[in-house]
Every structure is written in structure tokens, then in C-alpha cells.
Amino acid sequence: LAPQLVNATEDDYQLKSAQHKSLLVAVGCFWCGEQAFEQYAPGVVEAVSGYAGTDGIENPTYRNHPGHFEVVLVEYDPTKTSYQVLIDYAWKNSDPFNGNGQFCDYGPSYKPAIFYDNDEEREIAERYVQETVLPNYPTWKEKDLQIPLLPRPTFWTAETYHQNYYIKNPGDYGYYKNACD
């Protein structure tokens, strides 16, 4: 049986192939998330900066996205990677104890989250925390982790100037990244 959709969405981004899948994550600044997935995660076809939220605003923008996370939609080839492998990259690119932002970006737009589209993805993400995160970090307590697992809302692509920012603006991006260290 095919997994049942929990929160079917009508994203404004179309996958490049019907065989591809997507993961939606909030890891703080979408520029950093985009770079991390495109440069380091296996099987990633494209990482797209955008917004996701549940406040009813359609076509949010950088200047107007209340109630929305800055997110990265990660398009991937499931023959080369998996949802679980990509969740691992999301966790490694997040501060799991900061629910108010990530690294040098703070506020509701920068809160971390992992979104699931169906029961199978939810179960994989829950198992990942129980079987990978907690056993590998025995001093971490589940109650202290601040990366929620949420039903996937609609994804809205961010403005063009945000896409591949780390490639198009390496000086500005490098300054931003170094300032966070």
C-alpha cells in the first residue's frame, strides 16, 4: 500500500522528475540549509529556499512571511539516498537545543523543524530520534530537544535572489557564515 498523505500540499515548486521525492526542513537560514544539502548530502538533485507555514498567507515573501518558517525543500533521487539519510543531514545542520532560531538567526522564521508528508515519513523521523540521536548522545534528554516533527505545510519558493545565494554571492555569504562561527 502507498503511504497515506497526512497533509497533502500544493507546493509551488515542481519536482524535476516524477521519480524524485522531497524533504522539507527548517534549519534556520535557508541559504545555509541550501548549501549544506546541495554540497554535502548524497542524492540531492536540488535544494530550494522557501517559506512554509500554516497562517493562511499565500505567496509569502521575505518582507512578509509571518507564521512561516524559512525552509529548504530538498529534491532527491530515492535510488541514491533516503528520507532518513537526509534527516540526518538536517539534524547535523541544526542546534537541537535552540527552539528560537539557529546559529546567528533568531526569531520565529528561523526555528528548526522537520516536516513529514505521510505516516511513513513521520515514523522514520521518530525512529531516527529514538534509535540514532538519543543513543549516540547519552547526555541529551528527549524533553530538551527543540526540533519538532510537524505535518508538512505548503511550500512557497523564496524570491529568486535567495536561490543559490551561496553561489551567486560568495563574498557576502562567506562573511555571513564566518560571522556566525
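Quick summary incoming for the structure in this document. Nothing here was measured: the structure is a model prediction, and the numbers come from that model.

## Comments concerning the nonpolar core
The nonpolar side chains of a soluble globular protein tend to be buried with one another. Among the nonpolar cores identified, the biggest contains 35 residues, and Leu23, Phe37, Tyr83, Ile87 and Trp91 are the most heavily contacted of them. With six residues, helix α3 (residues 119-136) is the largest single contributor of residues to this core. Filtering out sequence-adjacent residues up to four positions away, Phe37 remains in contact with Leu23, Val25, Val44, Ala47, Val72, Val74, Leu86, Tyr89 and Ala90. Within the second largest apolar cluster, 11 residues are counted, among which are Leu24, Phe69, Ala113 and Phe155.

## Comments concerning the pairing of strand β2 (residues 44-53)
Of all 10 residues making up β2, eight are buried, and the element is well covered by its neighbours. The sheet contact formed by β2 and strand β3 (residues 68-76) spans nine bridges and is antiparallel. Across the sheet, the residue bridging to Val44 is Tyr76, located in β3. Pairing geometry for β2 and strand β8 (residues 155-157), over three bridges, is antiparallel. Across the sheet, the residue bridging to Gly50 is Thr157, located in β8.

## Topic: the state of the cysteines
Within the structure shown, the criterion is met by zero disulfides. Free cysteine: Cys29, not disulfide-bonded; nearest cysteine sulfur from Cys32 at 3.9 Å. Overall, Cys32 belongs to the buried group, its relative accessible area being 19%.

Rules used in this analysis
Residues numbered from 1 in each chain as written. Predicted model: local features only at pLDDT ≥ 70, side-chain atom pairs only at ≥ 80, totals over all residues. Heavy atoms only, no water. Core = buried A, V, L, I, M, F, W, Y, C linked by side-chain atoms within 4.5 Å. Buried < 20%, exposed > 50% of the residue type's maximum accessible area, 1.4 Å probe, protein only. Helix = DSSP H or I, 4+ residues; strand = E, 2+ residues; numbered from the N terminus. Contact = heavy atoms within 4.5 Å. Pairing = 2+ DSSP bridges. Disulfide = S-S within 2.5 Å.

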